[in-house]
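A structural walkthrough
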Amino acid sequence: MAVVDANAAALGVPRKQLMESSGNAVARTVRELVDPGASVAVVCGRGNNGGDAMVAARFLDEYDVTVSLLGRAESVTTTIARENWDALLAAEYDAREVRDSADLELGDPDLVVDAMLGTGVTGALREPERSAALAVNDVDAPVLAVDVPSGVDADTGESAGAAVDADHVVTFHDGKPGLAGLDCEVTVADIGIPEGAARFVGNGDLLRVTRDPHSHKGVNGEVLVVGGGPYTGAPALSARAALRAGADLVRVACPEGVAREVQGYSENLILRPFAGERLLPGHVPRLLAEAEGHDTVVFGPGLGDHEDTLEAVATFLGEYAGTAVVDADALQVVPEVETDATLVCTPHQGELRAMGGETSEDWTERAEMVESFAADLGHTLLVKGVYDVVSDGERTRVSRTGNAGMTVGGTGDVLAGVTAALASVLHPHDAACVAAYANGRAGDLVVEGGAGEPPRGDGLLATDLVDAMPAAMEPKVVD
């Protein structure tokens, strides 16, 4: 939901507007549960979940409403929630700060509204929310929870300690997995989030990419790039892009005949050369052993399409059970390979046709075709184009970043490396979506001059994308 909210804001539907709609939905549910004149005790947290209920209070003038804020008003965590708290005070609603959970007085209400914590919070409740949850449960009145009962994990429905025992839940935009198993009535309210916020990959999707400040080397992904032979730049581009996209360690397995050239592109690359001038079936056992120590393997950049090389790719994939990003010439073996591996395939539309898929100039038709073909393959597809289409056969999304300058050679190699880095830490479909968006955004930053350099205009290079990738993966703040 955080992703969808941020994407909606980027599409021009600000969070303040969504909060107003959410609060209205809460108020509608209150009216369905109790009659006008009933007493309603609203318990708010200091985030947007509490802000939703603050809005609701303004729509319930025909009720006897009290609003209790857990904590000091100056500690409200978002601007829009604080604005709605200030609005209650300015209009002289019965709104009070509860600076000590022992001071929470709910009285004898006809309904309690739990708006302490929303879907983004997991783990055991801490004070003052823990004591407040117990106080809510002690009241002899039905409880309406906003989005999810406080203390309940929205993904699992489980609680790690005290949690609000809700009789009703009003949640927004879409159901939450954890609500299905709860013994309560659930209302899913439409709050005006446009379909495009979920359909199109956007700025909000970058929120999926996090980095633990206490992490150590390797936790953020180790990638093995298998490439090179006829070409040397392609595997280096993929490897450098994987590093710029956040992977901790990237190794390149390439023919020893080109290893010095590949190493020459960057001192940051770790090489694992194998004998000869190109990939052969005899190299597969060693590559399989090397791959075991990595989170994701990239197969394809610069490998070429020699018959022996394609046989080696097919053999590797047939015996590999990890995650692999398949690009370039290696793509043509995928439809015929039986594999336990999790594959993310990154074809352009010509390569898609060569794999047996169909395409269309109409992106909506293309999205349907890609989804159908992904379902047949049993793998995730990231089909490159003016609109990139990403599908695993069930979920299909579209990325609209990028520009005409990105027709230059090498941008696909960069995309493969970024996808591999992200697939090391994210679900493959999410990784492909974020990679498509970030790769295109990097190209846009270069052209627009938003990556610390003046606008480039014509003459964009694939290496420009690599250098712009960290900036491209930084979420923009949209109110």
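Scroll up a little and you will see the structure.
Quick look at the structure, then. (Residues numbered from 1 in each chain as written. Predicted model: local features only at pLDDT ≥ 70, side-chain atom pairs only at ≥ 80, totals over all residues. Heavy atoms only, no water.)

Over its 12 residues, helix H7 (residues 233-244) runs 16 Å from end to end, which matches the ideal 16 Å to within 8%, given 1.5 Å per residue. Listed as buried for H7 are Ala234, Pro235, Ala236, Leu237, Ser238, Ala239, Ala241 and Ala242. Its buried side turned inward, H7 meets strand E8 (222-226), strand E9 (249-253), helix H8 (259-263), helix H13 (411-423) and helix H15 (462-472). Gly246 sits one or two residues past H7 and shows a positive phi near 115°. (Helix = DSSP H or I, 4+ residues; strand = E, 2+ residues; numbered from the N terminus. Expected span 1.5 Å × (residues − 1). Buried < 20%, exposed > 50% of the residue type's maximum accessible area, 1.4 Å probe, protein only. Contact = heavy atoms within 4.5 Å.)

For the structure on display, the rule yields 20 salt bridges. The residue Arg208 makes a salt bridge to Asp205 at a minimum N-O spacing of 3.5 Å. A salt bridge links Asp308 to Arg278, with the shortest nitrogen-to-oxygen separation between them at 3.8 Å. Of this pair, Asp308 sits in helix H10 (residues 307-319) while Arg278 sits in the loop between strand E10 (270-271) and helix H9 (284-291), and the two are 30 residues apart along the sequence. Taking the relative accessible area as the measure of exposure, Asp308 reaches 27% and is therefore partly exposed. The exposure class of Arg278 is partly exposed, given its relative accessible area of 31%. When salt bridges that share partners are traced, they join Asp205, Arg208, Asp392, Arg395, Arg397 and Asp430 into one network. (Salt bridge = Lys/Arg side-chain N within 4 Å of Asp/Glu carboxyl O.)

Right, let's talk about the packing of aromatic side chains for a bit. This model, assessed by the stated rule, comprises four aromatic pairs. Ring plane angle 45° and centroid distance 4.6 Å describe the contact between Phe299 and Phe316, whose orientation is recorded as tilted. Remark: Phe316 occurs in helix H10 and Phe299 occurs in strand E11 (residues 296-299); sequence separation between them is 17 residues. This pair shows no difference in class: Phe299 is buried, exactly as Phe316 is. Following the ring pairs from residue to residue traces out a cluster consisting of Phe200, Trp363 and Tyr387. The side chain of Arg400 reaches across the aromatic face of Phe200, ending 3.7 Å from its centre. (Phe/Tyr/Trp six-rings, centres within 6.5 Å; stacked < 30°, edge-to-face > 60°. Lys NZ or Arg CZ within 6 Å of the ring centre and 35° of its normal.)

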